[in-house]
Amino acid sequence: MEQIVGVCGIVLLLAMILLRVPIAAAMGLVGFIGYGMVNGWSNAARVMGQVPFDSGSSYTLSQLPLFVLMGDLAVRSGMSGRLYSSAQTMFSGLRGSQAFATLGASAGFGAVSGSSIATAATMTRVALPSMRSARYDDRLSVGSVAAGGTLGILIPPSIALVVYGMIAEQSVPRLYAASLLPGILLFAIYVVIVALLTAFKSGMAPKEALRASLGQRVRALANVWEITLLFVVVIGGIYTGMLSATEAAAVGAAGAFLLGFLQRKLTLRDTMAGLRDTILTSSMLFMILISANIFTYFVVLTKLPQMLISGIDAMGIGSYGIMLALLVFYIILGCFLEAFGMILITVPIFLPLVQSAGFDPIWFGVFLVLVVEAGMITPPVGMNIFVIQAQASDIPLIRIYQAVMPYVAGPILLCLLLVIFPAIALFLPEVLFAP
Amino acid sequence: MAISGLSIVTIIVMSITDALTEAITGRGLAISYDVVEIAMAYTIFLGLPEVFLRNANIRVDVSDYFLPRRVTRVLEVTGTLLILGFVMLLLAAMVMPAYDSTRFGDYKYETGFPYWGIWLPIFAGLIAAIPSALAAGGRKHVEP
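Because the structure is a prediction, the values reported are computed rather than measured. (Residues numbered from 1 in each chain as written. Chains lettered and ligands numbered in written order. Predicted model: local features only at pLDDT ≥ 70, side-chain atom pairs only at ≥ 80, totals over all residues. Heavy atoms only, no water.)

(A) Structural view of the side chain of Ser7(B). Residue and element names in this part refer to chain B. Of note, Ser7 is situated in helix H1 (residues 2–25). At a separation of 2.7 Å, a polar atom in the side chain of Ser7 contacts the main-chain carbonyl oxygen of Ile3. Once residues lying within four places of it in the same chain are set aside, the contact partners of Ser7 are Ala39, Tyr42 and Thr43. (Helix = DSSP H or I, 4+ residues; strand = E, 2+ residues; numbered from the N terminus. Polar contact = N/O pair within 3.5 Å; in protein donor to acceptor, adjacent residues only side chain to side chain. Contact = heavy atoms within 4.5 Å.)

Next comes the structure, spelled out in structure tokens:
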């Protein structure tokens, strides 16, 4: 009985989300009604009444608004612009240098922002006008901005990994350690994709005449000291165990403010606007987290994950078969759902299955963020696509869809590599957090 | 919003002070967890009315591309009503645990801060979200 209610609940949830019901309402209502049907309405009300208090005053989740604030202040103090011009110098002389620079700057910005959408929005403002005025093909410029944006949620700090850590009850510092190498690897894959695109289609980007000297490149590298400093202090603090994730996020937010303020690149008005935007983003995310918690109680009660495990066991497709099936499922889901929806709906259902197949939950966090990344640039619902379209409305949506398609291969290829070589994700946490 | 902003600053100051104290003396501040948790509730829930006022709850708008505009408007209104229903359901469900924790005098262990002081912004934020959502819905409805 409870499993039928569970399946119906999930179908109803997906239908509601696709019919424009806010994700928070869809998950919360389905979770409450489903729980009530299986375990009684008074129990459902008891669970629902306690969740806002527990989630909204959680110490672990307090890092979320702080990381959002750090990224916001970094943008407002112009760090992203300096990062892009430095990356331009570093890649100068190559055909398509600005597309490489966009990827480099996105990876660097991902080291302080933690959000894919923030990275894509920032790079759209910073890099896209420059590439278009240099007569880059829209497919190359838009594609590199959209793909570069996805690096924001894989390279630590990552808001998506904090959310996964909460729902899967996993250590955020370990997740941050696990995602660093895959983040660097994904950047490298994107660079190869841009190199292939420009090599085989010379019309994609003009030939670059200017080539920076070694001295200019060194100076360009030194020019991004603020972001390097923030990354070393924040992520280094977490990796060495000197700072908890919340403390590191607080140091990062205060550091971004001080760096901007002392260099007169950040006014008090900017800071206030940053605080306001941070509060809005955080409140919106917490509304979804509260609903997701209610939904998780319902999923656990229905024993759907156990049903899934025994069903898959009976099929005998093996652990690689399971991960391949999940990869295909997530790619399809990513075409229609946004990032947090994907994580919060599927983790309670699939994590037990993944663990029963012998995979580490920390490893699965990285795998999941990768497929979510693919979803952010997969048509028709790709948040990065919409962010670019909102700011460059003269580029038709269909052209953006065409532009991002070659880059979708990046996260998918890396997922396959992760399945074959789990150490790509697990090596660093095992070294850093060895008992 | 001002209280929310102050709460974030409180979280930052408290966390940094805690980290520094631990680095210097080897022992962190005992009250740090409590203060951060209390400030979190004020940060998150007092920001909710603005989220509803700006109609900023995340929705998947893929249906906009293939459904007629009239239908998407109906879906949008339905979505707003459902999120309002969810907020009201949350409020109703929270009354009992909030009443119990106040009745039994629950408080934070390290600071002695009463639980009702945490329930307060939760109720305030969710209650204020209702007129905000209605105002946002009304504004959207009269737009051409």
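(B) Seen up close, the layout of surface pockets. Residues and elements named next belong to chain A. In this structure, the largest pocket encloses a volume near 1400 Å³. Elements supplying a minimum of two residues to the lining of the largest pocket: helix H4 (63–76), helix H7 (116–126), helix H10 (159–168), helix H15 (268–302), helix H18 (339–356) and helix H20 (383–391). The dominant element in the lining of the largest pocket, judged by the number of residues it contributes, is H7, at six residues. When the residues that make up the lining of the largest pocket are grouped by side-chain class, the tally is 22 nonpolar, ten polar and eleven charged. (1 Å grid on protein atoms, 1.4 Å probe; cavity = no way out; pocket = protein on both sides within 12 Å on 5 of 7 lines; lining within 4 Å. Points joined across faces, edges and corners; volume = space filled by probe spheres on them. Nonpolar A, V, L, I, M, F, W, Y, C, P; charged D, E, K, R; others polar.)

(C) The packing of helix H17 (residues 318–334) of chain A against helix H19 (residues 361–376) of chain A, seen in detail. All names here are of chain A. At a minimum axis distance of 8 Å, the contact between H17 and H19 shows a crossing angle of 35°. Here H17 and H19 pass one another in a crossing that is right-handed. Each of Met323, Leu326, Leu327, Tyr330 and Gly334 in H17 lies in contact with H19, whose residues at this interface are Trp363, Phe364, Phe367, Leu368, Val371 and Gly375. Classifying every residue of the contact of H17 with H19 gives nine nonpolar, two polar and no charged. (Axes fitted to C-alpha atoms, helices over the stretch in contact; angles between N-to-C directions. Left-handed = near helix turned anticlockwise from the far one by under 90°.)

(D) Structural context of the side chain of Thr302(A). Residue and element names in this part refer to chain A. Structurally, Thr302 can be placed in helix H15. Residue classification places Thr302 among the buried residues on the basis of a relative accessible area of 0%. Within the structure, the side chain of Thr302 is placed 2.6 Å from the backbone oxygen of Val299, a separation counted as a polar contact. (Buried < 20%, exposed > 50% of the residue type's maximum accessible area, 1.4 Å probe, protein only.)

(E) Here's a closer look at the pattern of salt bridges. This model, assessed by the stated rule, comprises 13 salt bridges over all chains. One salt bridge in this structure joins Arg132(A) and Asp394(A), with 2.8 Å as the shortest N-O distance. Taken together, the positions of Arg132(A) in helix H8 (residues 128–133) and Asp394(A) in the loop between H20 and helix H21 (397–420) put the pair 262 residues apart, joining distant regions of the chain. In this structure Asp394(A) comes out as exposed when scored by relative accessible area, which is 54%. Here Glu50(B) and Arg54(B) are joined by a salt bridge, their closest N and O atoms 3.2 Å apart. Since its relative accessible area comes to 17%, Glu50(B) is described here as buried. Salt bridges sharing partners connect three or more residues here, namely Arg132(A), Asp137(A), Asp138(A), Arg139(A), Asp394(A) and Arg399(A). (Salt bridge = Lys/Arg side-chain N within 4 Å of Asp/Glu carboxyl O.)

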